[in-house]
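Descriptive structure summary
Each chain is listed here by its residues.
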Amino acid sequence: MSQPLVEYHSENHIATITMNDPKTLNAFSTPLKNAIMDALDQADQDADVRVIVLQGSNNNFSSGGHIGEMLENGMESEALVAKLDFMLREVAEVSLKLRNIHKPIIAKLEGAVAGAGMNLALTCDFRIAADNAKFVQAFVNIGLIPDAGGIYLLNQLIGAAKTTELVMLGDKLTSDDVARLNLVNNVVSKDELDASVLALATRLSNLPGKALASMKHMINVHAFSGLNEALDMEVDQQTMMAKTADFAEGITAFMEKRKPVYQGK
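The present account deals with the structure reproduced in this document. (Residues numbered from 1 in each chain as written. Predicted model: local features only at pLDDT ≥ 70, side-chain atom pairs only at ≥ 80, totals over all residues. Heavy atoms only, no water.)

**Quick look at unusual backbone geometry**
Going by this rule: Every helix listed is a DSSP run of H or I at least four residues long, and every strand listed is a run of E at least two residues long, numbered separately from the N terminus.
Positive phi, close to 60°, is recorded for Asn-26, a residue that is not glycine. Counting through the fold element by element, Asn-26 comes out in the loop between β2 (14-19) and α1 (30-45). Located in the positive-phi region is Asn-59, a residue other than glycine, with phi close to 65°. Relative to the helices and strands, Asn-59 is located in the loop between β3 (51-56) and α2 (67-70).

**Considering a negative patch on the surface**
Filter applied, for reference: Any residue with relative accessible area above 30% and no salt bridge may belong to a patch, with like charges joined within 9 Å and the nonpolar Val, Leu, Ile, Met, Phe, Trp and Tyr side chains within 5 Å. Every accessible area reported is derived by Shrake-Rupley at a probe size of 1.4 Å, with residue values counting cover from the shown protein chains alone. One side-chain nitrogen of Lys or Arg within 4 Å of one carboxyl oxygen of Asp or Glu is enough to make a salt bridge. This count recognises Lys and Arg as positive and Asp and Glu as negative, with His and chain-terminal groups excluded. By convention, the charge on Lys lies at NZ, on Arg at CZ, on Asp at CG and on Glu at CD. Accessibility here uses a 1.4 Å probe with only protein chains present; expressed as a share of the type maximum, an area under 20% marks a residue as buried, one over 50% as exposed, and anything in between as partly exposed.
A contiguous patch of negative charge, built from Asp-131, Asp-176, Asp-191 and Glu-192, is present on the exposed surface. On the accessibility criterion, Asp-131 (45% relative accessible area) is partly exposed.

**Digging into the pattern of salt bridges**
Oppositely charged side chains are able to pair whenever their charged atoms sit close together. Evaluation of the coordinates by the stated rule reveals 11 salt bridges. Between Asp-21 and Lys-23 there is a salt bridge whose closest N-O contact spans 3.0 Å. The class of Asp-21 is buried, set by a relative accessible area of 7%.

**Side note on the packing of helix α3 (residues 77-100) against helix α4 (residues 116-123)**
Let me state the cut-off plainly: The angle between two axes is taken between their N-to-C directions and runs from 0 to 180 degrees, where each axis is a line fitted to C-alpha atoms and a helix contributes only its stretch in contact. Throughout this description, any angle smaller than 35 degrees is read as roughly parallel, any larger than 145 degrees as roughly antiparallel, any in the 65 to 115 degree range as roughly perpendicular, and the remainder as oblique. In this scheme the handedness of a crossing depends on how the near helix is turned from the far one: anticlockwise by less than a right angle means left-handed, clockwise means right-handed. Residues count as neighbours in contact if any of their non-hydrogen atoms are within 4.5 Å of one another. Throughout, the ten residues Ala, Val, Leu, Ile, Met, Phe, Trp, Tyr, Cys and Pro are labelled nonpolar, Asp, Glu, Lys and Arg are labelled charged, and all others, Gly among them, are labelled polar.
Their axes nearest at 9 Å, the elements α3 and α4 cross at an angle of 20°. On the basis of the axis angle, α3 is roughly parallel to α4. Crossing hand, α3 versus α4: right-handed. The residues of α4 that touch α3, namely those facing Val-91, Val-94, Ser-95, Leu-98 and Arg-99, are Ala-116, Leu-120 and Thr-123. Within the contact of α3 with α4, the residues separate by chemical class into 5 nonpolar, 2 polar and 1 charged.

**As for the pairing of strand β6 (residues 126-130)**
Our working rule: By this definition, two strands are paired if DSSP reports at least two bridges between them.
β6 sits mainly inside the fold: 4 of its 5 residues count as buried. Judged from the 3 bridges that link them, β6 and strand β9 (residues 186-188) form a sheet pairing that is parallel. Paired with Ala-130 across the bridge in β9 is Val-188.

**Things to note about the sheet that holds strand β5 (residues 112-114)**
The mixed open sheet is built from 3 strands, whose spatial order is β5-β7-β8. At either end of the open sheet lies a strand with only one pairing partner, and these are β5 and β8 (172-174). Taken over all neighbouring pairs, the strand axes of this sheet differ in orientation by 25° on average, direction set aside. The sheet contact formed by strand β7 (residues 134-136) and β8 spans 3 bridges and is antiparallel.

**Section: the nonpolar core**
Just so we agree on the cut-off: Residues belong to one nonpolar core when they are buried, are Ala, Val, Leu, Ile, Met, Phe, Trp, Tyr or Cys, and are joined through side-chain atoms within 4.5 Å.
Leu-109, Phe-135 and Leu-183 are the most contacted members of the largest nonpolar core, which totals 49 residues. Sort the elements by how many residues they give to this core and α1 lands first, with 6 residues. Contacts of Phe-135, omitting those with residues within four sequence positions, involve Leu-109, Val-113, Met-118, Ala-129, Asp-171, Lys-172, Leu-173, Thr-174, Ser-175, Val-178 and Val-184. With 16 residues, the next largest nonpolar core counts Leu-84, Leu-88, Ile-142 and Ala-242 among its residues.

**Some remarks on the pairing of β2**
Buried residues dominate β2, accounting for 5 of its 6 residues. Where strand β1 (residues 6-11) meets β2, 6 bridges bridge the pair, whose relative direction is antiparallel. Across the sheet, residue Glu-11 finds its bridge partner in β2, namely Ile-14. Both β2 and β3 contribute to a ladder of 6 bridges, which runs parallel.

See the structure below:
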């Protein structure tokens, strides 16, 4: 019997949502997106849930967008642009949902934290990283721009100069690197990750929920009010990039490297 793409567990006022597609390192596909949205709705509507933890299975958070799905209709420009447009709007819905739920959301980060996966983590309220986590804004390597609000979120959190460096160079970052940029709240050893996330979630669950909700609302107004507009702009820019030779060359090279992953080998 196949495992669900997203697992949901609620205990002691804490809902844990686990992305569960280990063969792709929890790449963000449309089925995974739909399952995440269902789980977030469930946690949002459950009055007993006070805190949400978002994590990935098999010691990885997420490798980013599911490139195999993006190319499932082939490289022909019109079909590819339509598919990319659809997938961008899908991931944008999750970014907005993570901000619009007025309960604290903790991203538990280990292994791959890449592309859209990294940007969805940035949308959460807290980020706890294991020392084995690897972060990257890899979009430039395939001729695209960040999605899931990446440039907007980074600019809000660390300013334009470092955002430019991260997205234009696409370098891989360690947990210590992102800690120096204040992009995570804490870095712990892999063995301490579960306990550290649980301790934070438990602490938050014991604080006044209405006050936390009001705080998140005000943070949204003052720090993230432009997220919706930024997500719309990403769709426009990405669909233009999908028509370029740079994208065609970059995505072909990427798929040659990752083919065994998307074939489930």
